[in-house]
Amino acid sequence: MSQIDKPGSSGKSFDIPKRLIWEAYQKVMANKGAAGVDGQSLEDFARDERKNLYKIWNRMSSGSYFPPPVKAVEIPKAGGKGVRVLGVPTVADRIAQTAVALMLEPEVEPMFHPDSFGYRPGRSALDAVGLCRARCWERAWVIDLDIQGFFDNVPHEPILAAVRRHTDKPWVLLYVQRWLTAPIQRPDGTLEQREKGTPQGSAISPLLTNLFMHYAFDAWLDQTQPMVGFERYCDDAIVHCVSEKQAKYLRNVIAARLWRFGLRLHPEKTKIVYCAQDDRTQRHQGVEFTFLGYDFRPRYARLADGRWKSGFLPAVSKSAKKQMAAVIRGWRLGRCTGLTFRQVATMINRVVAGWINYYGRFYKSELIAFLAERINPHLVRWAMRKYKHLHRAPAKARKRLAQIASTYPGTFAHWRHGALPTGSTVGAV
């Protein structure tokens, strides 16, 4: 596969360049991921990559590629309320899906709406959170939209119609259709046929989701309500309004629009929220919503001149804190007495640094206070079990940890950002 054939006639039903398959393979390898229903890992695939890649290209080019079932993996939802089913394709299927995505993305990406942020090059969830924060200052009302069971119920025909609109390659449409209808293999081995929905976790699903939502929501809202701003990340969206009356009207209009596609807004999770601030009369109870791991609500912030002001601001969400706390407990630092201080820091830092990079972008003090309260007590417990002279001496262990933090504040990622332990009680474990 090192010598990549140039695009051209291959004598196959479809003219698919081998380079496309190679590029897709490189992207899948970079993204990593678990094995699918066939149990083949990325390492297994790479042992005979030339033969395996040729097989994918040959079957796709001849039109004889049929995707295997998608492996269903249940992931607990945030807050412990139910599970989310992720679909894990096989390695070969991820490569095939990525090849189609690489072919289709340049055709559709330029026309996507600027308020769409999910799974798009050069855009991130934090960009969406930042724009949402700015618009909450400008407009006092938002609709927090929640589409009930979106990935299980999104219809196939509008997706296929959108794909037809943006490609003249019949093989792209053919394989998108086959992926949409590929069965899901449940944990007990049973196969579930699909006539609607697209499983989360597949390589092609984010692009197809954006295509559907562009025509069903983004472009439609832009045409019918050009003065209304929104932020959408996949199926998660916030719509900004100037009044409660407008918010109620738009909620009903959006619900009717989505119902045309067999989708409905969640009656409890979809809500209208008042963005209360100092210069706005706080006369409404619904003043909080969660978007992309951030809780938006009134918070105090210090202005440049030192004064304090109440603003409608995002900070790390309660559900995100709960998930992080579970991870911290799962480290069981008190049992890691075989590790050195530096080894403990290395183990922790690669996780905590990611949390800080994401959840510390806005209202960072909320996250840092949480990390200090949750991690430092576990470090105290580790030190008490690690060193005999600190056994049954929590005050002495806390004091020693504070001394180390003062001398070497860069040891732990959360210390570098101000979550330093003190010699006094640092929180409950």
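Residues numbered from 1 in each chain as written. Predicted model: local features only at pLDDT ≥ 70, side-chain atom pairs only at ≥ 80, totals over all residues. Heavy atoms only, no water.

Engineer: I'd like a rundown of the pairing of strand β1 (residues 70-76), residues and numbers included.
Structural biologist: Each regular strand carries side chains that alternate between the two faces of the sheet. Strand direction decides the pairing type here: β1 and strand β4 (residues 184-185), joined by 2 bridges, are parallel. Across the sheet, residue Lys71 finds its bridge partner in β4, namely Gln185. Of the pairings in the sheet, the one linking β1 to strand β2 (residues 83-88) comprises 6 bridges and is antiparallel in character. Bridged to Ala72 within β2 is Gly87. (Pairing = 2+ DSSP bridges. Helix = DSSP H or I, 4+ residues; strand = E, 2+ residues; numbered from the N terminus.)

Engineer: Would you mind going over helix α1 (residues 18-31) in detail, with residue names and values included?
Structural biologist: Its 14 residues place the ends of α1 20 Å apart at the C-alpha level, agreeing with the 20 Å of an ideal helix rising 1.5 Å per residue. Those residues of α1 lying buried are Lys18, Leu20, Ile21, Ala24, Tyr25 and Val28. The buried residues of α1 occupy one face: seen down the axis, they fall within an arc of 155°. Taken from the residues just after α1, Lys32 is the one with a positive phi, measuring 60°. (Expected span 1.5 Å × (residues − 1). Buried < 20%, exposed > 50% of the residue type's maximum accessible area, 1.4 Å probe, protein only. Arc of directions from axis to C-beta.)

Engineer: Give me the side chain of Ser61: which residues, what numbers.
Structural biologist: Looking at the element boundaries, Ser61 is found in helix α3 (residues 49-62). For Ser61, a relative accessible area of 0% puts it in the buried group. From its side chain, Ser61 meets the backbone oxygen of Trp57 in a polar contact 2.8 Å long. With sequence-adjacent residues up to four places away left out, Ser61 is seen in contact with Lys12, Ser13, Phe14 and Ile16. (Polar contact = N/O pair within 3.5 Å; in protein donor to acceptor, adjacent residues only side chain to side chain. Contact = heavy atoms within 4.5 Å.)

Engineer: Run through the pattern of salt bridges, naming residues and quoting values.
Structural biologist: Applying the stated criterion across every chain, the model contains 12 salt bridges. In this structure, Arg164 engages Glu157 in a salt bridge whose closest nitrogen and oxygen atoms are separated by 3.1 Å. On the accessibility criterion, Glu157 (45% relative accessible area) is partly exposed. Here Glu244 makes a salt bridge to Lys248, at a shortest N to O gap of 3.7 Å. Linking Glu244 with Lys248, this pair stays in helix α10 (residues 244-259), spanning 4 residues, or about one helical turn. Residue class for Lys248 comes out partly exposed when judged on its relative accessible area of 39%. Among the charged side chains, a salt-bridge network with shared partners connects Asp115, Arg135 and Glu231. (Salt bridge = Lys/Arg side-chain N within 4 Å of Asp/Glu carboxyl O.)

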